[in-house]
Amino acid sequence: MGENRIYNFNAGPAALPLPVLEEIREEFLNYKGCGMSVTEISHRSKWFDEIINDAVERTKRLLNLGDDFHVLFIQGGASLQFCMIPMNLALNGKPVDYINTGTWSTKAIKEAQIQDKDVRVIASSEDKNFSYIPKEYQVDPDASYLHFTSNNTIKGTQWARFPEAGNVPLVCDMSSDIMSRPFDPKPFGLIYAGAQKNIGPAGAAMVILRKDMLERVPGNLPTMLKYSTFAEKNSLFNTPPCFVIYVISLVLKWLEETIGGLAKMEQINKEKAALLYDLIDQSEFYRGTAEKDSRSLMNVTFRLPSEDLEARFVADALDNGLGGLKGHRSVGGCRASIYNACTLEAVKALRDFMVEFERKNG
Ligand SMILES: *Cc1c(COP(=O)(O)O)cnc(C)c1O
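What counts, and at which threshold
Residues numbered from 1 in each chain as written. Predicted model: local features only at pLDDT ≥ 70, side-chain atom pairs only at ≥ 80, totals over all residues. Heavy atoms only, no water. Domains from an automatic or database assignment. Contact = heavy atoms within 4.5 Å. Buried area = accessible area lost by both parts, 1.4 Å probe. Salt bridge = Lys/Arg side-chain N within 4 Å of Asp/Glu carboxyl O. Polar contact = N/O pair within 3.5 Å; in protein donor to acceptor, adjacent residues only side chain to side chain. Pairing = 2+ DSSP bridges. Helix = DSSP H or I, 4+ residues; strand = E, 2+ residues; numbered from the N terminus. Axes fitted to C-alpha atoms, helices over the stretch in contact; angles between N-to-C directions. Near = heavy atom within 4 Å. Nonpolar A, V, L, I, M, F, W, Y, C, P; charged D, E, K, R; others polar.

(A) Looking closely at the domain arrangement of the chain. Considered domain by domain, the chain is made up of domain 1 (21–259) and domain 2 (261–361). Counting from both sides, the interface comprises 27 residues of domain 1 and, opposite them, 27 residues of domain 2. In total, about 2,100 Å² of surface goes out of reach between domain 1 and domain 2, with carbon and sulfur atoms giving 54% of it. Viewed at the interface, domain 2 and domain 1 are joined by one salt bridge. Of the charged contacts, one joins Asp-293 and Lys-135 as a salt bridge, the two residues approaching to 3.2 Å between their closest N and O atoms. Viewed at the interface, domain 2 and domain 1 are joined by 14 residue pairs in polar contact (both at pLDDT 80 or more).

(B) Here's a closer look at the sheet that holds strand 11 (residues 287–288). Spatially, three strands are ordered 11-12-14 in an open sheet, and the strand pairing comes out antiparallel. On the outer flanks of this sheet lie strand 11 and strand 14 (334–337), each paired with one strand and no other. In the sheet, strand 11 pairs with strand 12 (residues 299–303) via two bridges, with the strands oriented antiparallel. Bridging from a neighbouring strand, Arg-287 pairs with Arg-303 of strand 12. Its contacts with the sheet put helix 7 (residues 262–282) on strand 11, strand 12 and strand 14, and the angle it makes with strand 12 is roughly 20°.

(C) Local environment of the site of the ligand. Within the structure, the ligand sits among 13 residues, and Ser-79, Thr-153, Asp-173, Gln-196 and Lys-197 are positioned closest to it. At 2.9 Å from an oxygen atom of the ligand is found a side-chain nitrogen or oxygen belonging to Gln-196. At 2.7 Å, a side-chain N or O of Lys-197 approaches an oxygen atom of the ligand. The greatest single-element share of the shell around the ligand, amounting to four residues, is contributed by helix 3 (residues 77–89). When grouped by side-chain class, the residues that make up the shell around the ligand number three nonpolar, eight polar and two charged.

Dropping the structure here:
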């Protein structure tokens, strides 16, 4: 690898595919012969129109959305969605159901509670420090929606199969695993993801909204907090995060044309995760923090025998060109985030380093 780039295991903002970074560099000063940088053109220009439509169309194709869904780009990250979802989608007199699997779900629940919605937390894995995905839950058939977090970035757990809620629309925070595997979009009323983990740089959330959900949007909401504002104007009511959307379109092109779609991506992601989990399972030195049947293919969380060793592990790894391995500040330990853009080569380098580190320090 040229340019002295390291193997990047950051949790977010996170690694982008190298071919995407190269393409950005290639056309940064003069976008497709227009004589301007992509960061200098109008969001009302034909060039930007093509960029945003390309990002929307690629999303629809990759996720098999058909014409039932809007694909929107909204600033404020996933965290603003915690608040917009109950504001827009909670039906009068009907509860909103949530499953709590960690820090991000907890924050989503709080935003519904401070709006005085009838929040029901129907399952939680807090009893075991969020180390597993709950299996037992009862969705109220009358609920406005069921909210869950598909991948728990901090605790390293992931829903292998999504919850079933009958006719109640699923609402999902897919910030850290969107586009990592194929799934059936039909049961979803809304899917959202902060771009900075798996699909682009920081600065926008991708929001995938089933069209019938728009009927729920209350008329008296502030304009910029209504999904209808974004849906009616193809996310161009005001100036959108143009550069972020441009990079997202390139990442999605890479996914479609270089990787070959989400089934292929999932295969690679499984192969990467297995390299690390197999090592952890065979080792007495490394200890995984998530229960086996709940483990994430995106964020591999583990501990070493002592905090001193963990600190040395993170520092030595960086000396060896492996960055971003420190666990989230709220939980400590180590975490390797191996999103789509993290290559098999990078994961192999990490595994080899882990074997060597154990040999020296175990
Ligand atoms: C990172 C993350 C968030 C927070 O995203 P912001 O864009 O910073 O608001 C929310 N949910 C999940 C699952 C995340 O991984």
